[in-house]
Amino acid sequence: MFSSPTPAPGSRAIASNALRSAGLIDRDATMRDLTDKPGGRKASSKIRSHRPHLLELKQPRDSRLRTGSSSQAGPSNPLSIRGASRVMGVRVRNLGPTATPRVKPKVKAVEVWKEVVQKRWNPETQFLNLESLIDDELVKKSGLAPPGRGGDARDAAVIFKIASQLQPKVQTLSLANNNLSGVHLQFLSHYLPDLANLSLQNNNIRQIKDLDILSSRRGRLQKLRELVLIGNPVQTLGAKEDNEKYRRDVINRFSTLEVLDQVAIAQIAFDRPVASTSNAAVAAAPSATTFPCQMSPSFVTGVDGGIVSNFLVRFFNALDTQRRSLVDAYDPNATFSFSANTTIANRARVQGFHTSLPNQTKLTWKAWLGSGSRNLSRVATDPERALKSLHIGALEAVKALENLPATKHDISGPPEKFCLDSFPVVIGQGMGLLLTVHGQFTEVGTEGIRSFDRSFILTPAPEGSPAKLAGWDVVILSDQWTIRVYSSHEAWKPGPLLVQALSREEQEAQQRTPAPAPPILDPQGLLVSMPEAQRNLVMQVCQRTALNVRFAIDCLAGNAWDLDRAVANFEQVKATLSRDAFL
Amino acid sequence: MTAVPAIVKLTPNDVEIATRAADHFTRIYYSAYDSNTRLNDLPAFYRPTSSLVWNGKPFQGAAGMRELIEKMPVTKHEVQSFDCHPIPGTSPPSLLVSVSGSVTHGLGPSGNPTNITPRNPEGHPRVFSQTFMLVPDPTAPATKPGEVAKYYVSSDALRFVG
């Protein structure tokens, strides 16, 4: 359905050209002739001879002197090796107690690396070319061991830290031909989190999981657009075994990636906000101390409320009592999945629901998590699981539902415990309905209570379809069910919303003034938002007559909401009623 | 409501692209929401025809979104769960994305008066549930190689639910 999963004709060339212009493609990666200087390096050498060193301008002479003598190099001396190890020390401590930072000031090494970085930096293209460091004249002369050629992760961190001080920020970084393995990349994203293009061509990265340290899913390189892994074991072996899987595994670690190994990635784009540069004026933080509007009751528009309430009453009844019968409620191509959000809500915790309600401590997530929860914030990195937990087709949907714990939705109980919003949406060439429902259910067995959110896409049941024949007005095209820790329905109680709690005095003052009249409910009169007394009457009429909600309401309204009169009236006219009137 | 045309079968590739798009979208959307530049950034996800319902109150289009967030206190969202389906019968597929998470408004608990009872939930982060329909914009041609289409928010329904 998505056209051209592989790049459109010519896009490979576009990508390559873009890379080449950014200097990211090694002209001949296998050639290591010392006399053949890569293009980027030439440019930066030229700049170096005509410009003052940016770093030197920012670094007063005496600060460098202090590097050697002072044992407490502070933030005023960002390039000191002590500074580097101090920052690293914090990270290392987070990783575990066994890794201890080595603090060994190598002032000379830092000075050499500063010069190397400066020489290879092109501020116009924001490109830092650190290819083949072992072949660099300065490196050779100093006898330094570059990372990957005897140097370790800390040596790499020193270089990355120097790079992080460059202005403007480094956009494109090439680390090609340095024999780097995963460990050398440990501190890359810490110092250069905003990298857009990264070439690791011809290094020694072996495992997909070596890339986790750079993954946007772990909050690391969140702006990475382009990555080159060509010539690493992870790529050469991966491509040989299953190139699609290799690409999928890498792509899934970088949600922003557009080009991998010079081949464009099929993807959906958004008009994403342009990242503000350091020069842009910084906008003031939002300062409102109140909400723009209050909490409103259920909102239904563009559809007969009766259709929505009919659907929900029947759906939840069937879900609780005979899930198999729901096979007709789903379109033959419908999609269904459920997601468990296991986080205990802050307000629920403050209010102590976990301990104050009788059965909450008996609830566990095992049955839900073990049946294929599709919380993509957890399973998206695993394409297999993401695919398996999406159930396509009515039979698959119902099969999945039957595997889940039994539920009791008290939809004929207090209506304020449920909340819904529904409005028309365009589906392909036709119209459909987006319906979101929030509420709670009891998990059968433990009798503990959970909260849920459910999002449906509904369309009119086509004439002659299984849904229509089974009496459904609408059919489910998509159904996403989020199950979460119980929170009170007070969350959607209509009325003012507070940003901060009121002080005791404010609360007392409010109690002295009369409460405002409750807001008028949606005139389309959904069952779930009806007064309880009327709702119960509607339910009883439905049960005794098999009329659907819409007709039951009509019938009651025409008989002054007297149950017996309504049922008697029904008996008189039932022969004349069309099929539409019934459940 | 009129009938939907014949359904095109979803492929694993559709699911993968949709999953990745939802991951990308939820990251950039909520980071834009929580930023100081949200007034410029957030409406860019919407079009004049987009429908929004915020806690039961309807707003229309990018302008409506702007109007809504203009008077919104500062936010900090945490996405705890999200899901995404390519919607059957649409090509390229429209996406149904649902998000569950917590949102802190204003100063959070630290901004509360000191003389309130410890069980008072106000000022603490709320649970939010937000459902989006993302659809391709036929008027915005792909600008980059590999780009299937540019998508925008056609529908957005949000509730505070805890």
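Quick summary incoming for the structure in this document. Since the structure is predicted, the reported quantities are computational estimates derived from the model, not experimental observations.

## Details of the overall build of chain A
Turning to step 1, where the next piece is worked out: When helices and strands are counted, chain A shows 22 helices and 16 strands.
Turning to step 2, where the next piece is worked out: In chain A, buried positions account for 52% of the 583 residues.
Turning to step 3, where the next piece is worked out: Restricting the contact set of chain A to residue pairs at least 6 apart, pairs at least 24 apart contribute 71%.
Turning to step 4, where the next piece is worked out: As presented, chain A carries roughly 27,100 Å² of accessible surface, and 53% of it is formed by carbon and sulfur atoms.

## Observations regarding the overall build of chain B
Turning to step 1, where the next piece is worked out: For chain B, the helix and strand inventory stands at three helices and six strands.
Turning to step 2, where the next piece is worked out: Written out in order from the N terminus, the α and β elements of chain B read α-α-β-β-α-β-β-β-β.
Turning to step 3, where the next piece is worked out: Per-residue burial over chain B gives 65% buried out of 162 residues.
Turning to step 4, where the next piece is worked out: At a minimum sequence separation of 6, the contacts of chain B that also span at least 24 residues come to 60%.
Turning to step 5, where the next piece is worked out: Summed over its atoms, the accessible surface of chain B is roughly 5,500 Å², and 57% of this surface lies on carbon and sulfur atoms.

## Considerations on the interface of chain B and chain A
Turning to step 1, where the next piece is worked out: At the junction of the two partners, chain B supplies 106 residues and chain A supplies 107 residues.
Turning to step 2, where the next piece is worked out: Between chain B and chain A, a total of about 9,600 Å² is buried, with carbon and sulfur atoms accounting for 62% of that surface.
Turning to step 3, where the next piece is worked out: Connecting chain B to chain A are four salt bridges.
Turning to step 4, where the next piece is worked out: The salt bridge involving E16 of chain B is made with R248 of chain A; its shortest N-O contact spans 3.7 Å.
Turning to step 5, where the next piece is worked out: At the boundary of chain B with chain A, the tally comes to 38 residue pairs in polar contact (both at pLDDT 80 or more).
Turning to step 6, where the next piece is worked out: Where the side of chain B that touches chain A is concerned, the elements lending two or more residues are α1 (12–33), α2 (38–41), β1 (46–54), β2 (57–60), β3 (75–86), β4 (95–105), β5 (126–136) and β6 (147–160) of chain B.
Turning to step 7, where the next piece is worked out: Per-element tally for the side of chain B that touches chain A: the top contributor is α1 of chain B, with 16 residues.
Turning to step 8, where the next piece is worked out: Considering only residue class, the side of chain B that touches chain A consists of 52 nonpolar, 34 polar and 20 charged.
Turning to step 9, where the next piece is worked out: Two elements, strand β8 (residues 267–270) of chain A and β6 of chain B, share four bridges in a ladder whose sense is parallel. Within β6 of chain B, the position partnered with I268 of chain A by the bridge is A149 of chain B.

## Things to note about the pairing of β4 of chain B
Taken residue by residue, a regular strand's side chains alternate between the two faces of the sheet.
All names here are of chain B.
Turning to step 1, where the next piece is worked out: Summarising burial for β4: ten of the eleven residues are buried, a large majority.
Turning to step 2, where the next piece is worked out: Where β3 and β4 come together, eleven bridges link them in antiparallel fashion. Bridge pairing links K76 to T104 in β4.
Turning to step 3, where the next piece is worked out: When β4 meets β5, the two strands line up antiparallel, connected through nine bridges. Across the sheet, the residue bridging to L95 is L134, located in β5.

## Quick notes on the pattern of salt bridges
Residues and elements named next belong to chain A.
Turning to step 1, where the next piece is worked out: Counted under the stated rule, the structure contains 24 salt bridges over all chains.
Turning to step 2, where the next piece is worked out: The residue K574 makes a salt bridge to E571 at a minimum N-O spacing of 3.0 Å.
Turning to step 3, where the next piece is worked out: Its relative accessible area of 39% is what places K574 among the partly exposed residues.
Turning to step 4, where the next piece is worked out: Salt bridges here are not isolated pairs; linked through shared partners, they connect K119, R120 and D136.

## Re the packing of aromatic side chains
Centre distance and the angle of the planes are the two values used to describe a pair of aromatic rings.
Residues and elements named next belong to chain B.
Turning to step 1, where the next piece is worked out: Taken as a whole and assessed by the stated rule, the structure comprises 27 aromatic pairs over all chains.
Turning to step 2, where the next piece is worked out: Ring centres 5.8 Å apart and planes at 90 degrees place the aromatic pair F25 and F45 in the edge-to-face group. One end of the pair, F25, is in helix α1; the other, F45, is in the loop between α2 and β1, with 20 residues separating them in the sequence. One exposure class covers both F25 and F45, and it is buried.

## A short note on the sheet that holds strand β3 (residues 172–174) of chain A
Whenever strands of a sheet pair, they do so through backbone hydrogen bonds, lying parallel or antiparallel.
Turning to step 1, where the next piece is worked out: With respect to topology, seven strands assemble into an open sheet ordered β1-β2-β3-β4-β5-β6-β7 (chain A), the strand pairing being mixed. Every interior strand has two partners, whereas the edge strands, β1 (121–122) and β7 (263–264) of chain A, have only one.

## Focus on the environment of V228 of chain A
Turning to step 1, where the next piece is worked out: Its place among the elements puts V228 of chain A in strand β5 (residues 226–228).
Turning to step 2, where the next piece is worked out: Separated by 32 residues in sequence, V228 of chain A and L260 of chain A place their C-alpha atoms 5.9 Å apart.

## Points about the environment of L433 of chain A
Residues and elements named next belong to chain A.
Turning to step 1, where the next piece is worked out: Here L433 is to be found in strand β14 (residues 430–443).
Turning to step 2, where the next piece is worked out: Classification of L433 as buried rests on a relative accessible area of 1%.
Turning to step 3, where the next piece is worked out: Placed 125 residues apart in sequence, L433 and V308 show a C-alpha to C-alpha distance of 9.5 Å.
Turning to step 4, where the next piece is worked out: Setting aside residues no more than four positions away along its own chain, L433 makes contact with V303, V308, S422, F423, P424, V425, F456, I457 and L458.

## Comments concerning the nonpolar core
Turning to step 1, where the next piece is worked out: Ranked by internal contacts, the top residues of the largest apolar core, which has 57 residues, are Y29, F45, W54 and F132 of chain B.
Turning to step 2, where the next piece is worked out: With ten residues, α1 of chain B is the single largest residue contributor to this core.
Turning to step 3, where the next piece is worked out: Grouped together as the second largest cluster of nonpolar side chains are 48 residues, V110, L130, V139 and Y191 of chain A included.

## So, the packing of helix α20 (residues 532–545) of chain A against helix α21 (residues 549–557) of chain A
All names here are of chain A.
Turning to step 1, where the next piece is worked out: Two numbers describe how α20 lies on α21: the axes approach to 9 Å, and their chain directions differ by 110 degrees. Comparing their axes, α21 and α20 come out roughly perpendicular. The hand of the α20/α21 crossing is right-handed. Residues L537, V538, V541 and C542 of α20 touch α21, and the partners they reach there are V549, A552, I553 and L556.

## Remarks on helix α10 (residues 233–251) of chain A
Turning to step 1, where the next piece is worked out: The end-to-end C-alpha distance of α10 of chain A, which contains 19 residues, comes to just 17 Å, noticeably less than the 27 Å that a straight helix rising 1.5 Å per residue would cover.
Turning to step 2, where the next piece is worked out: Considering bend angle alone, the principal kink of α10 of chain A is centred on D242 of chain A and spans about 130 degrees.
Turning to step 3, where the next piece is worked out: Close packing links the buried residues of α10 of chain A with β5, β6 (259–260) and β7 of chain A together with α1 of chain B.

What counts as what
- Residues numbered from 1 in each chain as written.
- Chains lettered and ligands numbered in written order.
- Predicted model: local features only at pLDDT ≥ 70, side-chain atom pairs only at ≥ 80, totals over all residues.
- Heavy atoms only, no water.
- Helix = DSSP H or I, 4+ residues; strand = E, 2+ residues; numbered from the N terminus.
- Buried < 20%, exposed > 50% of the residue type's maximum accessible area, 1.4 Å probe, protein only.
- Contact = heavy atoms within 4.5 Å.
- Areas by Shrake-Rupley, 256 points an atom, 1.4 Å probe, with all protein chains shown as cover.
- Buried area = accessible area lost by both parts, 1.4 Å probe.
- Salt bridge = Lys/Arg side-chain N within 4 Å of Asp/Glu carboxyl O.
- Polar contact = N/O pair within 3.5 Å; in protein donor to acceptor, adjacent residues only side chain to side chain.
- Nonpolar A, V, L, I, M, F, W, Y, C, P; charged D, E, K, R; others polar.
- Pairing = 2+ DSSP bridges.
- Phe/Tyr/Trp six-rings, centres within 6.5 Å; stacked < 30°, edge-to-face > 60°.
- Core = buried A, V, L, I, M, F, W, Y, C linked by side-chain atoms within 4.5 Å.
- Axes fitted to C-alpha atoms, helices over the stretch in contact; angles between N-to-C directions.
- Parallel < 35°, antiparallel > 145°, perpendicular 65-115°, else oblique.
- Left-handed = near helix turned anticlockwise from the far one by under 90°.
- Expected span 1.5 Å × (residues − 1).
- Bend = angle between axes of the 7 residues up to and from the residue.

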